[in-house]
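# Coordinate analysis (summary)
Chain by chain, the residues run as shown.
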Amino acid sequence: MEFQPATTAQERVNLLGMSRKKMEAYLVSIGEKPFRAQQILKWIHHFGVDDFDQMTNLGKPLRAKLAEVAEVRPPNIVRQLDSKDGTRKWAVEVGGGNLVETVLIPDGQRATLCVSSQVGCSLDCSFCSTGKQGFMRDLTAAEIIGQVWLAIKSYDAFGPGKNRVVTNVVMMGMGEPLLNFDNVVDATSLMMDDFGYGLSKRRVTLSTSGVVPMLDKLGDVSEVSLAVSLHAPNDALRDELVPINRKYPIAELLAACRRYLDKQPDKHRVATIEYTLIAGVNDSMDQARELAQVLRELPCKINLIPFNPFPLSDYQRPSKSAINRFWQVLTDAGYVTTVRTTRGDDIDAACGQLAGQVQDRTRRAERHRRRAEEVQAVTIIGGAG
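Here's a quick rundown of the structure. (Residues numbered from 1 in each chain as written. Predicted model: local features only at pLDDT ≥ 70, side-chain atom pairs only at ≥ 80, totals over all residues. Heavy atoms only, no water.)

## With respect to the overall build of the chain
A count of helical and extended segments in the chain gives twelve helices and 14 strands. Taken across its 385 residues, the chain has 51% of its residues classed as buried. Across the chain, contacts joining residues at least 24 apart in sequence account for 68% of those joining residues at least 6 apart. (Helix = DSSP H or I, 4+ residues; strand = E, 2+ residues; numbered from the N terminus. Buried < 20%, exposed > 50% of the residue type's maximum accessible area, 1.4 Å probe, protein only. Contact = heavy atoms within 4.5 Å.)

## A short note on a positive patch on the surface
Together, Arg110, Arg164, Arg203 and Lys301 line one region of the surface with positive charge. Here Arg110 shows up in strand β6 (residues 110-114). (Patch = residues over 30% accessible without salt bridge, like charges linked within 9 Å, V, L, I, M, F, W, Y side chains within 5 Å. Areas by Shrake-Rupley, 256 points an atom, 1.4 Å probe, with all protein chains shown as cover. Salt bridge = Lys/Arg side-chain N within 4 Å of Asp/Glu carboxyl O. Lys, Arg positive; Asp, Glu negative; His and termini not counted. Charge placed at Lys NZ, Arg CZ, Asp CG, Glu CD.)

## Looking at helix α11 (residues 320-332)
Here α11 is 13 residues long and its end C-alpha atoms lie 18 Å apart, about the 18 Å a rise of 1.5 Å per residue gives. As for α11, its buried residues are in contact with β12 (271-277), α10 (285-294), β13 (300-306) and β14 (337-339). The first or second residue beyond α11 is Gly334, which carries a positive phi of 100°. (Expected span 1.5 Å × (residues − 1).)

## Points about the environment of Ser313
Residue position: Ser313 is located in the loop between β13 and α11. Separated by 187 residues in sequence, Ser313 and Ser126 place their C-alpha atoms 8.0 Å apart.

## Some words on the packing of aromatic side chains
Summed over all chains, the structure comprises four aromatic pairs. With a centroid separation of 5.3 Å and 45° between ring planes, the pair formed by Trp43 and Phe47 is classed as tilted. Given a relative accessible area of 16%, Trp43 falls into the buried group. Between the aromatic rings of Phe307 and Tyr315, the centroid separation amounts to 5.9 Å while the plane-to-plane angle is 90°, which identifies the pairing as edge-to-face. Classification of Tyr315 as partly exposed rests on a relative accessible area of 22%. (Phe/Tyr/Trp six-rings, centres within 6.5 Å; stacked < 30°, edge-to-face > 60°.)

## With respect to helix α6 (residues 181-192)
Relative to the 16 Å expected for twelve residues at 1.5 Å per residue, α6 spans 16 Å between its end C-alpha atoms, a close match to the ideal helical length. When we look at burial in α6, the residues that qualify are Phe181, Val184, Val185, Asp186, Ala187, Thr188, Leu190 and Met191. Those residues of α6 hidden inside the fold are in contact with α1 (20-29), α2 (36-45), α5 (141-154), β9 (168-171), β10 (204-208) and α7 (212-221).

## Digging into the pattern of salt bridges
All told, the structure shown has 15 salt bridges when counted by the stated rule. Across the salt bridge formed by Lys65 and Glu32, the nearest N and O atoms sit 2.8 Å from each other. Taken as a pair, Lys65 in helix α3 (residues 60-69) and Glu32 in the loop between α1 and α2 lie far apart in primary sequence, 33 residues in all. When its relative accessible area of 13% is taken as the criterion, Lys65 is described as buried. With its nearest N and O atoms 2.9 Å apart, the salt bridge here joins Arg137 to Glu143.

## Considering the sheet that holds strand β5 (residues 99-107)
Judged by pairing direction, the sheet is mixed, and its ten strands sit side by side in the order β3-β4-β5-β6-β9-β10-β11-β12-β13-β14 without closing on themselves. Strands with a single pairing partner mark the edges of an open sheet, and in this sheet they are β3 (76-82) and β14. For this sheet, the mean angle separating the axes of adjacent strands, direction not counted, is 20°. (Pairing = 2+ DSSP bridges. Axes fitted to C-alpha atoms, helices over the stretch in contact; angles between N-to-C directions.)

## Looking at the pairing of β13
In terms of residue burial, β13 counts as a mostly covered element, since six of its seven residues are buried. Sheet analysis places β12 next to β13, joined by seven bridges and oriented parallel. Bridge pairing links Thr272 to Lys301 in β13. Following the chain from β12 across α10 to the adjacent parallel β13, one finds a crossover that is right-handed. Two elements, β13 and β14, share three bridges in a ladder whose sense is parallel. Residue pairing across strands places Asn303 opposite Thr338, the latter belonging to β14. (Right-handed = clockwise from strand over helix to strand, strands pointing away.)

## Considering the pairing of β5
In this sheet, β5 lies alongside strand β4 (residues 88-93) in antiparallel orientation, the contact comprising six bridges. By the bridge assignment, Lys89 is partnered in β5 with Val103. Taking the residues that link successive antiparallel strands as the turn, the β4-β5 hairpin has five residues, and the phi of Gly95 there is positive, at about 90°. With five bridges connecting them, β5 and β6 associate as antiparallel partners. Across the sheet, Pro106 pairs through a bridge with Ala111, a residue of β6.

## What to know about the side chain of Glu101
Mapped onto the elements of the fold, Glu101 is located in strand β5. Of note is the side chain of Glu101, whose polar atom sits 3.4 Å from the side chain of Lys89. (Polar contact = N/O pair within 3.5 Å; in protein donor to acceptor, adjacent residues only side chain to side chain.)

## Examining the packing of α1 against α2
Their axes nearest at 9 Å, the elements α1 and α2 cross at an angle of 125°. Considering the angle they form, α1 stands oblique to α2. Seen from above, α1 lies across α2 with right-handed handedness. Here Arg20, Met23, Glu24 and Leu27 of α1 come into contact with α2, specifically with Arg36, Ala37, Gln38, Ile40, Leu41 and Ile44. Residues that form the contact of α1 with α2 fall into these classes: six nonpolar, one polar and three charged. (Parallel < 35°, antiparallel > 145°, perpendicular 65-115°, else oblique. Left-handed = near helix turned anticlockwise from the far one by under 90°. Nonpolar A, V, L, I, M, F, W, Y, C, P; charged D, E, K, R; others polar.)

## Things to note about the nonpolar core
Judged by nonpolar contacts, the single largest core of 102 residues is most densely connected at Leu15, Leu66 and Met191. A total of eight residues in this core trace back to one element, the largest contributor, which is α5. For Leu15, the residues in contact, after removing those within four places along its chain, are Met23, Tyr26, Ile40, Ile44, Phe52, Leu66, Ala70, Glu71 and Val72. (Core = buried A, V, L, I, M, F, W, Y, C linked by side-chain atoms within 4.5 Å.)

The structure is reproduced here in C-alpha cells:
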C-alpha cells in the first residue's frame, strides 16, 4: 500500500488501544514490517512513551511517518481524589462533556485497578449508582486501556526498576463490558500481552451482569477471569435488581458460565459470584441457603459486597451480624466466601458508587431524578399531615 501522509490531526490513528494483531495489521497497511509492532507496544505500555521521537530503536523515517499518520493519545484526567485509606480515584474526560471514573485500590503488595468500559451503563441495575446516570456510548479500546496507562503514569511507575503499581485489573467500573465486546477484548488482550502490561490471566477479571450470547463468544477468544454480578438467588428477585435477568435468567446465565470455564485450557478455573447484600432485600439466611443450592453445579467462589449507599437509592447496608450470618451459611455449604472490604467510600469510590458525568442519551437519569423528587414530595406531605 502506498503511504499517504495525513492532512489533519483528526485523521491520525490512535495506537494506544491497538492489540498486537491490530498493530501488526496497521503497520503492514502503511508499508512497514509487522515485527515493529512489538517495539511500539513496549514503548507505549512498558515505558509510557507517547512521543514517537523518543522511540529510539525505530528508524527516523518510520518515526516521521508515524508522526504524520498516528498518535498515542490517552484520555485526559480532570480530577484526582485520594482516600484516607490509600484508594485513588480519577475522573477521566472522554469527550463531549462526558467523564468516566477509574479507581485504584491498594492492598499490601497487591493493587487492583477498577476500569470502566462505557460512558454510563446501558443496563439499569437498581442498586448501582452508575445505572442511575444513564448511558451515552461505549468507550474505545484506547479509552479503556488508557485508564491503565494513566494510573501507572500518575505514580511515575513506567520504566525499568519501578514498582508495579497495577497488579490486577477488574472490568468492574462503569458499564457492562460484554456490551462493548470488541473494544473490551482488545483492551484486555493488551493487559495480558507480554508486550503490553504482562498481567496473568488470573489477574485480569471481567465482570458481567449476564449477557449470555456475548459470554459464549468471549470463551472463544479470551482467557480472562470471569466474575458474575448475580445479587439474587432466584429469578423473581433478580428480575427486580438486575433487569437483564428477564432476558437471560439465572439458569441460562450459570450454564453459560460453565461453558466459559469448560473452554479454558486451565481446567481448575472457577468463576467469582458477586453478590451485593442489601438489608431486607436479599440478605436473609433462607436466601443464603437458596443461593448455595442454585450454585451447586458451578465451580465458583463467592464475593459478598455490602451495599454502599448513594443518592437516588433507598436501599440500606445490612448489619454486620446479617453479613456474618449470610457468610456462615455459604461457608458451611462448602463455598470459599469472602466479604469485600469497603474502600474509598469517603471519595465515592466504593463498589456501586462510580458515577462520572454522562450526557445521557437515554434520559434515564432524568427519569430517576424526577421519580426521587416525587417520592420526596410525598414523604414531606405525609410527614406534615
